[in-house]
Amino acid sequence: MSLPTPTLHTPRLRLRPFTDTDADGLFTLHSNAHVLRYWDSAPWSDPARSGRFIAACRRMEEEGTGARVAMDRVSDGAFIGWCGLTEWNPDYRSASLGYCLNEAGWGQGYATEAAGALLRWAFDALDLNRVQAEADTRNGASARVLEKLGFVREGTLREDCVVNGEVSDSWVYGLLRRDWRPSPEPVTVG
């Protein structure tokens, strides 16, 4: 069963399916060691990784296991990152949220705006009951994004990742449908 990746519009962002033209922007994003300092994998060194990432997004859509969208700033059309819901399980009505933004997109509320729009779409289109997310315990900015969205910190996964050769902990967050309070900002589909 396929799950068409949506195109969503917020006041400042356009979220859309990835295209092959996103390869350079993706590589720039995922090869930046500072951006990925809390990521659970090393920065990319091979530009071909972008093509594999885009192919994985398409496969996820075809298999119906999630939706990952590119994030463009409306003001100038610049690619600033991505946001995604993966591991969609229709039986459990659950999915996992993730996002990654370049440094130009930090501290401006873009992650909250993008994730909020994708969550609004997903709670309706996927009939979700629960969304889970994880954040490295050193990544206070990501924790704040999740908390602004209404996620509740449910626990700590001790020493669950090795980031840049350093063992790290992750916080686990959950958002239930009954606790979801969508932003009043408009989100349009299409």
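Our subject is the structure that appears above.
Calculation rules
Residues numbered from 1 in each chain as written. Predicted model: local features only at pLDDT ≥ 70, side-chain atom pairs only at ≥ 80, totals over all residues. Heavy atoms only, no water. Salt bridge = Lys/Arg side-chain N within 4 Å of Asp/Glu carboxyl O. Buried < 20%, exposed > 50% of the residue type's maximum accessible area, 1.4 Å probe, protein only. Helix = DSSP H or I, 4+ residues; strand = E, 2+ residues; numbered from the N terminus. Phe/Tyr/Trp six-rings, centres within 6.5 Å; stacked < 30°, edge-to-face > 60°. Lys NZ or Arg CZ within 6 Å of the ring centre and 35° of its normal. Contact = heavy atoms within 4.5 Å. Pairing = 2+ DSSP bridges. Arc of directions from axis to C-beta. Axes fitted to C-alpha atoms, helices over the stretch in contact; angles between N-to-C directions.

With that settled, the discussion passes to the pattern of salt bridges. When charged atoms on two side chains of opposite charge get close, those side chains can pair. Evaluation of the coordinates by the stated rule reveals 12 salt bridges. Residues Asp76 and Arg73 are paired through a salt bridge, measuring 2.9 Å at the closest nitrogen-oxygen approach. You can call Asp76 partly exposed: its relative accessible area is 48%. For the salt bridge of Asp127 with Arg177, the shortest nitrogen-to-oxygen distance reads 3.2 Å. With Asp127 in the loop between α3 (110-125) and β6 (130-136) and Arg177 in the loop between β8 (166-176) and β9 (188-189), this residue pair connects regions lying 50 residues apart in the sequence. According to the relative accessible area criterion, Asp127 is partly exposed, its value standing at 38%. The structure contains a network of salt bridges with shared partners spanning Arg14, Arg16, Asp22 and Asp72.

The next point concerns the packing of aromatic side chains. For the coordinates displayed, the defined rule picks out 6 aromatic pairs. Aromatic ring contacts, followed pair by pair, group Phe18, Trp39, Trp44, Phe53, Phe79 and Trp82 into a single cluster. Here Arg68 stacks its cationic end above the ring of Trp82, 5.1 Å away from the centre of that ring. Across the ring face of Trp171, the terminal group of Arg153 is positioned such that the distance to the ring centre comes to 3.7 Å.

By the secondary structure assignment, Ser94 is in strand β5 (residues 94-101). Looking at Ser94, the relative accessible area reads 17%, which means it is buried. If we skip the residues at most four places from it in the chain, Ser94 touches Glu87, Trp88, Asn89, Leu128 and Arg130.

Of all 7 residues making up strand β3 (residues 67-73), 7 are buried, and the element is well covered by its neighbours. Along β3, one buried face is formed by Ala67, Val69, Met71 and Arg73 and the opposite face, lined by Arg68, Ala70 and Asp72, is buried too. As judged from the 4 bridges shared by strand β2 (residues 13-16) and β3, these two strands associate in the antiparallel manner. Within β3, the residue paired with Leu15 across the bridge is Met71. Between β3 and the antiparallel strand that follows it, strand β4 (residues 79-89), lie 5 residues; Gly77 among them carries a positive phi value of about 75 degrees.

Before going further, it helps to spend a moment on helix α1 (residues 23-30). Within the sequence span of α1, burial applies to Leu26, Leu29 and His30. The arc that holds every buried residue of α1, seen down its axis, measures 85 degrees, which confines them to one face. Projecting away from the buried face of α1 at angles above 90 degrees are the exposed residues Asp24 and Thr28. Where α1 is buried, its residues meet α2 (48-63), β4 and β5.

The subject of this paragraph is the sheet that holds strand β7 (residues 152-163). With respect to topology, 9 strands assemble into an open sheet ordered β7-β8-β6-β5-β4-β3-β2-β1-β9, the strand pairing being mixed. Edge positions in the open sheet fall to β7 and β9, since each of these has one partner strand only. Two strands pair when backbone bridges link them, and β3 and β4 are joined in this way by 6 bridges, in the antiparallel orientation. Opposite Asp72, over in β4, you have Phe79 as the bridge partner. Against the sheet, α1 touches β4 and β5, its axis set at about 85 degrees to β4.

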